[in-house]
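# Understanding the architecture of this molecule
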Amino acid sequence: MWFLPFVLPICLWVAWSDMARMKIPNLACGALVLVFLVVGPIALPLGLWGWQWVHLAVILAAGFVANLAGVMGAGDAKFAAAAAPFVPLPDAMPVVYLLAAVLLAAFAAHRAARALPALRNRVPEWESWTRRDFPMGLPLAGTLLFYLILAAAL
């Protein structure tokens, strides 16, 4: 619950930016890390907070390899790494399932919006309307938001 008010605007920024420019700003990733750095010791036991930083390093390394393999963009890898400390290890698999569901919903919603002139014409300059690849910032940010909302509710 502590993280949500700070993470929400960052995730909205990431989703919007990725749909508009097909880029996730480094500043957004840095802001997310800063939120965990500052709010984490208040929201979590210090031992857990300290270990959560390992998640950032592991996901950043995996994202680097995925980016080199052409599987994901560099901004997506950096955002996933910045989001990783917010997820404790026992919740990793549920978050993977949540990501799969959010990815399917985001893809369907984005492609549907792109096909509807009434929606597409509201922001005609969005790069994601014309590109073949998909703005993964939308489901990545959505997954982090949904996870934090679910974690706060349970």
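Located above this text is the structure these notes cover.
What comes next concerns the included structure. (Residues numbered from 1 in each chain as written. Predicted model: local features only at pLDDT ≥ 70, side-chain atom pairs only at ≥ 80, totals over all residues. Heavy atoms only, no water.)

### Some thoughts on the nonpolar core
Within the largest apolar cluster, 29 residues are counted, with the highest numbers of intra-cluster contacts made by Phe3, Val7, Leu32, Phe79, Phe86 and Leu144. Of all the elements in the fold, those that place two or more residues in this core are α1 (4-21), α2 (26-43), α4 (74-83), α5 (92-115) and α7 (137-153). Those residues in contact with Phe86, other than ones at most four positions away along the chain, are Phe3, Val7, Leu32, Val35, Phe36, Gln52, Leu144 and Tyr147. In terms of nonpolar packing, the next biggest core, distinct from the first, is built from 6 residues, Met19, Ala113, Val123 and Trp129 among them. (Core = buried A, V, L, I, M, F, W, Y, C linked by side-chain atoms within 4.5 Å. Buried < 20%, exposed > 50% of the residue type's maximum accessible area, 1.4 Å probe, protein only. Helix = DSSP H or I, 4+ residues; strand = E, 2+ residues; numbered from the N terminus. Contact = heavy atoms within 4.5 Å.)

### Quick notes on unusual backbone geometry
Unlike most non-glycine residues, Met22 shows phi in positive territory, near 55°. Positionally, Met22 belongs in the loop between α1 and α2. We classify Met22 as buried; its relative accessible area is 13%.

### Overview of the packing of α2 against helix α3 (residues 46-68)
Contact geometry for α2 and α3: axes closest at 9 Å, N-to-C directions at 165°. Put simply, α2 runs roughly antiparallel to α3. The chirality of how α2 crosses α3 is right-handed. Contacts between α2 and α3 pair Val33, Phe36, Leu37, Gly40 and Pro41 from the former with Leu46, Trp49, Gln52, Trp53 and Leu56 from the latter. Here the contact of α2 with α3 is built from residues that sort into 8 nonpolar, 2 polar and no charged. (Axes fitted to C-alpha atoms, helices over the stretch in contact; angles between N-to-C directions. Parallel < 35°, antiparallel > 145°, perpendicular 65-115°, else oblique. Left-handed = near helix turned anticlockwise from the far one by under 90°. Nonpolar A, V, L, I, M, F, W, Y, C, P; charged D, E, K, R; others polar.)

### Digging into a nonpolar patch on the surface
The grouping of Trp51, Val54, Val58 and Ile59 at the surface amounts to a nonpolar patch, some 400 Å² of accessible area in total. With respect to the element layout, Trp51 can be found in helix α3. (Patch = residues over 30% accessible without salt bridge, like charges linked within 9 Å, V, L, I, M, F, W, Y side chains within 5 Å. Areas by Shrake-Rupley, 256 points an atom, 1.4 Å probe, with all protein chains shown as cover. Salt bridge = Lys/Arg side-chain N within 4 Å of Asp/Glu carboxyl O.)

### Digging into the environment of Pro41
If you trace the backbone, Pro41 turns up in helix α2. When sequence neighbours within four positions are dropped, the list of residues in contact with Pro41 reads Phe36, Leu46 and Trp49.

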